[in-house]
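Structural description and commentary
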Amino acid sequence: MTNLTSERLSQMVKQRGIELGFDLIGIAPAQQPLTYRYYEQWLSLKFHGEMGYMERRREERKDVRNLLPDAKAVIVGAVNYFVPDEHLPETPEPRGKVARYAWGTDYHEVLLRKLEALLDYLRALLGDWVKGKAYVDTGPILERDFAVQAGLGWFGKNTCLINPKLGSYLLLGELIVNVPLAADPPFIRSHCGKCVRCIEACPTGALVAPHQLDAKRCISYLTIELKGSIPRELRPLIGTWVFGCDICQEVCPWNRKAKPTKEEAFKPRPWASLELIRLLELSEDEFRELFRHSPLKRAKRWGLIRNACVALGNLREVRAVPLLVQLLHNDPNPIVREHAAWALGKIATEEAIRELRKALEAESNETVRQEILLSLNEVR
Ligand code: B12
Ligand code: SF4
Ligand code: SF4
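Residues numbered from 1 in each chain as written. Chains lettered and ligands numbered in written order. Predicted model: local features only at pLDDT ≥ 70, side-chain atom pairs only at ≥ 80, totals over all residues.

**Observations concerning the overall build of the protein chain**
Just so we agree on the cut-off: What counts as a helix is a DSSP run of H or I of at least four residues, what counts as a strand is a run of E of at least two, and both are numbered from the N terminus. For a compact globule the rule gives 2.2 Å times the number of residues to the power 0.38, and the radius of gyration it is set against comes from C-alpha atoms. Residues with at least 20 other C-beta atoms within 10 Å of their own are called buried, those with 12 or fewer are called exposed, and the rest are partly exposed. The C-beta atoms themselves are positioned from the backbone. Contact criterion: two residues are in contact if their C-beta atoms, reconstructed from the backbone, are within 7 Å.
Regarding its fold elements, the protein chain presents 15 helices and 11 strands. Its C-alpha radius of gyration of 23 Å places the protein chain within 12% of the 21 Å reference for a compact globule of 380 residues. Overall size of the protein chain, expressed as C-alpha extent along the three principal axes, is 80 × 40 × 35 Å. Residues counted as buried form 46% of the 380 residues belonging to the protein chain. Taking as baseline every contact in the protein chain between residues at least 6 positions apart, the subset at least 24 positions apart corresponds to 79%.

Printed below as a string of structure tokens:
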């Protein structure tokens, strides 16, 4: 053991965290989250959609001591990932938008490495008895809740954690430890005031009330998490987002002061802005190679092509017709064929309509046939 006080230990851990590249770091007691009841309510309203993993392991989510039995503290770190638009790579038009958090190297890799280094530091300081578990979007823990408990910020009405100095372009990671560390005071006060910009700006109405997000309507869910068809009525509202969405953060006054990230790994990589037509001809091998270190790999090749079809349909992009036609006739995945049909119906050139009619004769999948029929009906 050591004769360092829990206050001194906390100070040392936080200093080490800042040296490791966290922009904010705080300590919460290892206890129940403050907002567990809101999570239960969210599930009962079915706002999680098809994210089955959000329903599982509720006991662990209820109390971090179910994740690490002799847990004493939760160290919460946040890294600012903001990069101004001017730093985006030059990409030929038409372009698909990618949410900022995904512009650089996969944040899971980046933050987990820092948390593991922090655990090594504690072990070197105190001995091998130190146990820790690190999470970055990777486990049953209400991460924003522990960030609030650790004093890093408040829950915005857009549900994001907002820090008064840095705004909300922050990624979170937690290290649960069996070391008694002095906790920071929680961030109790909301600074949203009467503002409702995020709620008004959300194009799909996903923010159904302050602090309540119906993920089934959220573009981030629709373009990343949803494994099936994007509901037809929501497709026109997605615009050109192909991976995630930033609108409810872009309009937030607390992000006006956002400072560029210091984290090299978060500087924009080639996938930060995507050439939409090029996406349509991406092979599995190219997809794997291009997105190996990118969060975009989560969408899978077919998911990204589905999203590109929606974006190109919304743009009425005539140059995309030949490749959309190829997908409509030849892609083995019915979800891709369905969304290619939708895009062709929106673009509605003579060629697009002719090919939709032709595809109807050959198509055997009922959902794709329905889509073709609806699309043809709309252009008549
Ligand atoms: C599932 C999930 C999603 C889902 C659902 C989002 C959601 N709001 O729940 C989808 C796919 C839509 C999503 C989108 C995004 N996500 Co996400 N996501 C998660 C995940 C895995 C779980 C979130 C969760 O527990 N949801 C359950 C609901 C109930 O929680 P909640 O909406 O956050 O609400 C909390 C509070 O608002 C509060 N609350 C609820 N009602 C009320 C009422 C009052 C009065 C008060 C005071 C509080 C309050 O309690 C709730 C529980 O703590 C976390 C990682 C993790 N394990 O925590 C990342 C996480 C939340 N996501 C993150 C990010 C970056 C995003 C995106 C910005 C990505 C993008 N640009 O596309 C968007 C933001 C969309 C948005 N406005 O939330 C970051 C957020 C960082 C931050 N600054 O807040 C996290 C923490 C990942 C990480 N490790 O950094 N995400
Ligand atoms: S991420 Fe986009 S779609 Fe989701 S709540 Fe925010 S503005 Fe709405
Ligand atoms: S836009 Fe306004 S209401 Fe929404 S999170 Fe920001 S300050 Fe809060």
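**Considerations on the sheet that holds strand β4 (residues 132–135)**
Rules: Pairs of strands are assigned from DSSP output, requiring at least two bridges between the strands. For helices, the axis comes from a line fit to the C-alpha atoms of the stretch in contact; other axes are also lines fit to C-alpha atoms, and the angle between any two N-to-C directions lies between 0 and 180 degrees.
Spatially, β1-β2-β7-β4 is the arrangement adopted by the 4 strands of the open sheet, whose pairing is antiparallel. The outermost strands of the open sheet, each flanked by one partner alone, are β1 (24–29) and β4. Across the sheet, the axes of successive neighbouring strands diverge by a mean angle of 20°, strand direction being ignored. Bridge count between β1 and strand β2 (residues 73–80): 6 bridges; the pairing is antiparallel. Residue proline 29 lies in a different strand from β2, and its bridge partner there is alanine 73. Sheet strands touched by helix α1 (residues 6–19): β1 and β2. Its angle to β1, the strand with the most contacts, is close to 145°. Most of the contacts of helix α4 (residues 107–126) go to strand β7 (residues 170–177), to which it runs at about 35°, and overall it touches β2, β4 and β7.

**Remarks on the domain arrangement of the protein chain**
A common way to express how large an interface is: the accessible area buried when the components associate. Worth spelling out the cut-off: Domain segmentation is taken from an automatic or database assignment of domains.
Domain boundaries assigned for the protein chain yield domain 1 (6–81 + 103–177) and domain 2 (280–380). Centre-to-centre, using C-alpha coordinates, domain 1 lies 39 Å away from domain 2.

**Quick word on the nonpolar core**
Note the threshold: In this usage, the nonpolar core is the set of buried Ala, Val, Leu, Ile, Met, Phe, Trp, Tyr and Cys residues whose C-beta atoms join them within 7 Å.
The biggest cluster of nonpolar side chains holds 117 residues, and the ones touching the most others in it are Val74, Ile75, Ala308 and Leu324. Each of two domains, domain 1 (6–81 + 103–177) and domain 2 (280–380), supplies a minimum of three residues to this core. Beyond its immediate chain neighbours, meaning those up to four positions away, alanine 308 contacts Gly96, Val242, Leu276, Leu279 and Leu280.

**Examining the environment of glutamine 149**
For glutamine 149, the position within the fold is in helix α5 (residues 143–149). The sequence separation of glutamine 149 and valine 74 amounts to 75 residues, and the corresponding C-alpha distance is 9.4 Å. Apart from residues no more than four positions distant in its own chain, glutamine 149 is found in contact with Ala28, Leu34 and Pro186.

**So, unusual backbone geometry**
Across the junction of glutamate 93 and proline 94, the peptide omega takes the value -10°, indicating a cis bond. By the secondary structure assignment, proline 94 is in the loop between β2 and β3 (95–98). Positioned with a positive phi, histidine 211 is a non-glycine residue whose angle comes to about 70°. Residue position: histidine 211 is located in the loop between β8 (207–209) and β9 (212–213). Judged by local crowding, histidine 211 falls into the partly exposed class, with 17 C-beta atoms found within 10 Å. We note that arginine 316 has phi near 50°; this positive angle belongs to a residue other than glycine.

**Let's talk about the site of ligand 1**
Rules: A residue counts as near a molecule or strand when its C-beta atom, positioned from the backbone, falls within 6 Å of it.
As a matter of local geometry, ligand 1 sits amid 37 residues, with Thr35, Ala99, Glu143, Ser220 and Gly244 nearest to it. At the level of secondary structure, the elements contributing two or more residues to the shell around ligand 1 comprise α2 (36–44), α5, β7, β9 and α7 (219–225). Residue contributions to the shell around ligand 1 peak at 4 residues, all from α7.

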